[in-house]
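Each chain is listed here by its residues.
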Amino acid sequence: MTWWHAVIVVVAGIWAGTINAVVGSGTLVTFPVLVALGYSPLTATTSNAIGLAPGTLSGAWGYRHELTGYWRQVAKFAVASFLGAIGGTILLLSLPKDAFEAVVPVLVGLAVILVIVQPRVSKWVAKRREENGETEHKAGPLLMFFIFLIGVYGGYFTAAQGVMLMAVMGMLLSEPLQKLNGVKNVLAAVVNVVAGVIYAFVAPISWPVVLWLAVGSTAGGFLGAKIGRKLPPAVLRGVIVVIGLAAVVQLVVKQFSD
């Protein structure tokens, strides 16, 4: 790896780590950069999973205060993400990459729609709780199932899993958006770490890429946590929608260019 390739990878890692901490889909920055630098799609995907893992961990640490008193529930969600990530890595290593990438734009597009309609749905849910005398919306099997599926997707390609998590949790939980963003960072970290560990042993990896991505994404994770925690819910939701739409456009363009 040349020095200027390293600089590009570090900058991409910083930007990806920042985006991941705020909303997710940082892979949509680093994946195209690595492919443009000459790495195969498989190597770019696996190296991304390992290199961005420290950034998701630093982003999760930055949101630790929002999760005070909620860690037991986060641990339950993490089990679903853990199992899903294992399934996703198996898919990546055993199935043709195009088979899953073909549906990625649809999945991300649906996630963006869920984020857009989430406030209306939350109001409807809150009204029903008041009518039924309920004060809290607890996580149920449906949410755990969706978190598992997103973990499968995250273990396979990782891009925009944060957008999907925020959409699903926003629809099915009554917690504040900032707390959900903290949960999202923890779950994304679980998926990236699990996938990264598996890839490190059985998949093609570029370790220089991993090193420089880790440096950049760690810094970006701390930066993104500071930015994201100061954003009001409406602004944060707007960021999620914009990045989600950008993810759809980039994935569609990539499919047509292949």
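Scroll up a little and you will see the structure.
Residues numbered from 1 in each chain as written. Predicted model: local features only at pLDDT ≥ 70, side-chain atom pairs only at ≥ 80, totals over all residues. Heavy atoms only, no water.

A. Spotlight on the overall build of the protein. Of the regular secondary structure elements, the protein holds twelve helices and zero strands. Counting from the amino terminus, the protein carries its helices and strands in the arrangement α-α-α-α-α-α-α-α-α-α-α-α. Classification of the 258 residues of the protein by burial places 53% in the buried group. Contacts in the protein between residues at least 24 apart in sequence constitute 83% of all its contacts with a sequence separation of at least 6. Split by element, the accessible area of the protein, about 11,600 Å² in all, is 73% carbon and sulfur. (Helix = DSSP H or I, 4+ residues; strand = E, 2+ residues; numbered from the N terminus. Buried < 20%, exposed > 50% of the residue type's maximum accessible area, 1.4 Å probe, protein only. Contact = heavy atoms within 4.5 Å. Areas by Shrake-Rupley, 256 points an atom, 1.4 Å probe, with all protein chains shown as cover.)

B. Quick peek at the side chain of Thr-43. Relative to the helices and strands, Thr-43 resides in helix 3 (residues 41-51). Using a relative accessible area of 13% as the deciding quantity, one classes Thr-43 as buried. Not counting the four nearest positions on each side in its chain, Thr-43 is found in contact with Pro-204, Ile-205 and Ser-206.

C. The arrangement of helix 9 (residues 161-172) in detail. With twelve residues, helix 9 extends 17 Å between its outermost C-alpha atoms, agreeing within 8% with the 16 Å of an ideal straight helix rising 1.5 Å per residue. Summarising burial for helix 9: eleven of the twelve residues are buried, a large majority. Every buried residue of helix 9 is listed here: Gln-161, Gly-162, Val-163, Met-164, Leu-165, Met-166, Ala-167, Val-168, Met-169, Gly-170 and Met-171. (Expected span 1.5 Å × (residues − 1).)

D. Expanded view of the nonpolar core. Core analysis: the biggest nonpolar cluster contains 52 residues, and Phe-77, Met-169, Val-183, Leu-187 and Tyr-199 have the highest contact counts within it. Of all the elements in the fold, those that place two or more residues in this core are helix 1 (3-22), helix 2 (27-36), helix 3, helix 5 (71-94), helix 8 (141-156), helix 9, helix 10 (177-202) and helix 11 (207-230). In terms of residue count, helix 10 provides more of this core than any other element does, ten residues in total. Apart from residues lying up to four places away in sequence, Met-169 is in contact with Leu-143, Leu-180, Val-183, Lys-184 and Leu-187. (Core = buried A, V, L, I, M, F, W, Y, C linked by side-chain atoms within 4.5 Å.)

E. Quick peek at the packing of helix 4 (residues 53-62) against helix 10. With their axes 8 Å apart at the nearest point, helix 4 and helix 10 run at an angle of 155 degrees to one another. The orientation of helix 4 relative to helix 10 falls into the category roughly antiparallel. Judged by the twist between their axes, the crossing of helix 4 over helix 10 is left-handed. The segment helix 4 lies against helix 10, with Ala-53, Thr-56, Leu-57, Gly-59 and Ala-60 engaging Asn-185, Val-186, Ala-188, Ala-189, Asn-192 and Val-193. (Axes fitted to C-alpha atoms, helices over the stretch in contact; angles between N-to-C directions. Parallel < 35°, antiparallel > 145°, perpendicular 65-115°, else oblique. Left-handed = near helix turned anticlockwise from the far one by under 90°.)

F. Representation of a nonpolar patch on the surface within the structure. Taken together, Val-79, Phe-82, Leu-83, Leu-142, Phe-145, Phe-146, Phe-148 and Leu-149 make up a surface patch of nonpolar side chains, about 700 Å² in accessible area. Going through the elements one at a time, helix 5 and helix 8 are the ones with two or more residues in the nonpolar patch. A per-element tally of the nonpolar patch places helix 8 first, with five residues. With respect to the helices, strands and loops of the structure, Val-79 is situated in helix 5. (Patch = residues over 30% accessible without salt bridge, like charges linked within 9 Å, V, L, I, M, F, W, Y side chains within 5 Å. Salt bridge = Lys/Arg side-chain N within 4 Å of Asp/Glu carboxyl O.)

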